[in-house]
Amino acid sequence: MSAAGFYVAGVLVILSCAAAVLLRGAVTSAVTAAAVAVSIGIFLLVSGEYLLTLLELVLLLATLAAVVEVTRRGGFGPRVQPLPLSRWVYGLGLAVLAVVVLDGAVLASRGGWFRSGIKQGLGSVLHHQAPVTAGLLVVLGAAAVVVAVVIGRTSADEAEHHERARARREREEKMRRRREDRVAARRRRQAGRAGGGE
Amino acid sequence: MNIGPGHVALLSGAVFAIGAFGVLTRRDAFGLLVSLAILLLAPVIAFAGFTAIDGGSVGPGQGEVVALAAVVVCAAVALVGAALVALLHRRHESLDTDAYGDAEGEQR
């Protein structure tokens, strides 16, 4: 791995992750999440993991597209809440603790915890050394899709309920507008009579 | 300057810390999902980086498999999480996780 490639990819990963965590709004979150997936893909590409890069990008971007579709249907945008400042304290505390524990341990060990191995391609490893793992991953992915569809689907009675609620809202809105029009017309008539009397 | 496993571990730790910060500070369910995904992707950086630098930290090529497993788990979590968010949004008309109440179903 080249040093320049590592630093460029590292900065991209850190910036995209920070943006995803700090920026508000459903659309912004979706865009920054895509940026995180792409930046980690760039890191994997720099590391020479071409098959892993392809799988990572396809899996994460497809998942993100599904999540965005759910978001679009739900109309979540205006409902996303702003960041309460009181949570910054706890969040920063945990983030600093994580950096100290994880990065501190790495800096303290000076690389003594690492051992060499033989480089093999992911395709070869999945095929020859970890076929069961590869199969389990496929099953896990398929199960996640099925579970997500079962949990998130709108059943027929729920759809009917939503349709009725929408029709009721429209009816009430129409009645409110008619009432307002009647009141406005009455006021105009009264103003006209008062003007004619004088 | 050569890149060693320590550099990769530092980057992975920083990404994990950012994800942990997001999990605690984000209140909306969608932002929470994105933060959780970042938290889960931190090991991907570590495993893929270790494998690229010196042939694997947990055996020849196994780091790549673990990284792939982490990506699949991350995608699965995001999918199921998004479905749960959609369900909760329909029930509570809110994305604010505080509005979902406690485990007994009582609204705060």
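Since the model is a prediction, treat every value here as computed from it, not as a measurement.

S.K.: Just to check I follow, could you spell out the confidence of the model for chain B for this structure?
M.R.: In low-pLDDT regions, the fine details of the predicted coordinates are not to be read closely. All names here are of chain B. Overall, the predicted model of chain B reaches an average pLDDT of 76, with 75% of residues at or above 70. At the level of individual helices and strands, chain B shows its lowest average pLDDT in helix α3 (residues 62–92), which scores 79, and its highest in helix α1 (residues 5–25), which scores 86. Per the prediction output, this complex has pTM 0.65; the corresponding ipTM is 0.77.

S.K.: Sorry, what's going on with a nonpolar patch on the surface here?
M.R.: Residue and element names in this part refer to chain A. Taken together, the side chains of Val8, Leu12, Val38, Ile42 and Leu61 define a hydrophobic patch exposed on the protein surface, amounting to about 360 Å² of accessible area. Breaking the nonpolar patch down by element, the ones donating at least two residues are α1 (3–22) and α2 (26–46). The topology assignment puts Val8 in helix α1. According to the relative accessible area criterion, Val8 is exposed, its value standing at 52%.

S.K.: Would you explain the packing of α1(A) against α2(A) in this entry?
M.R.: Think of two packed helices as two axes; the pair is described by the angle between the axes and how far apart they sit. All names here are of chain A. One way to put it is that α1 packs onto α2 with a least axis distance of 8 Å and a crossing angle of 165°. Classed by the angle they form, the pair α1 and α2 counts as roughly antiparallel. Judged by the twist between their axes, the crossing of α1 over α2 is left-handed. Side by side, α1 and α2 meet where Gly5, Phe6, Ala9, Leu12, Val13, Ser16, Cys17, Ala19 and Ala20 of the first sit next to Thr32, Ala35, Val36, Ser39, Ile40, Ile42, Phe43 and Val46 of the second. The residue inventory of the contact of α1 with α2, partitioned by class, reads 13 nonpolar, four polar and no charged.

S.K.: Got a minute to help me understand the packing of aromatic side chains in this structure?
M.R.: Any two aromatic rings considered together are summarised by their centre-to-centre distance and by the angle between their planes. Residues and elements named next belong to chain A. Per the stated rule, a full pass over the model turns up two aromatic pairs over all chains. Here the aromatic rings of Phe6 and Tyr7 are separated by 5.5 Å at their centres, their planes lie at 75°, and the arrangement is edge-to-face. Tyr7 sits in the partly exposed class, given a relative accessible area of 38%. Residue classification places Phe6 among the buried residues on the basis of a relative accessible area of 5%. Here the aromatic residues Phe6, Tyr7 and Phe43 are joined through ring pairs into a cluster of three or more.

Reading guide: rules and limits
Residues numbered from 1 in each chain as written. Chains lettered and ligands numbered in written order. Predicted model: local features only at pLDDT ≥ 70, side-chain atom pairs only at ≥ 80, totals over all residues. Heavy atoms only, no water. pLDDT = per-residue confidence, 0-100. Helix = DSSP H or I, 4+ residues; strand = E, 2+ residues; numbered from the N terminus. Patch = residues over 30% accessible without salt bridge, like charges linked within 9 Å, V, L, I, M, F, W, Y side chains within 5 Å. Areas by Shrake-Rupley, 256 points an atom, 1.4 Å probe, with all protein chains shown as cover. Salt bridge = Lys/Arg side-chain N within 4 Å of Asp/Glu carboxyl O. Buried < 20%, exposed > 50% of the residue type's maximum accessible area, 1.4 Å probe, protein only. Axes fitted to C-alpha atoms, helices over the stretch in contact; angles between N-to-C directions. Parallel < 35°, antiparallel > 145°, perpendicular 65-115°, else oblique. Left-handed = near helix turned anticlockwise from the far one by under 90°. Contact = heavy atoms within 4.5 Å. Nonpolar A, V, L, I, M, F, W, Y, C, P; charged D, E, K, R; others polar. Phe/Tyr/Trp six-rings, centres within 6.5 Å; stacked < 30°, edge-to-face > 60°.

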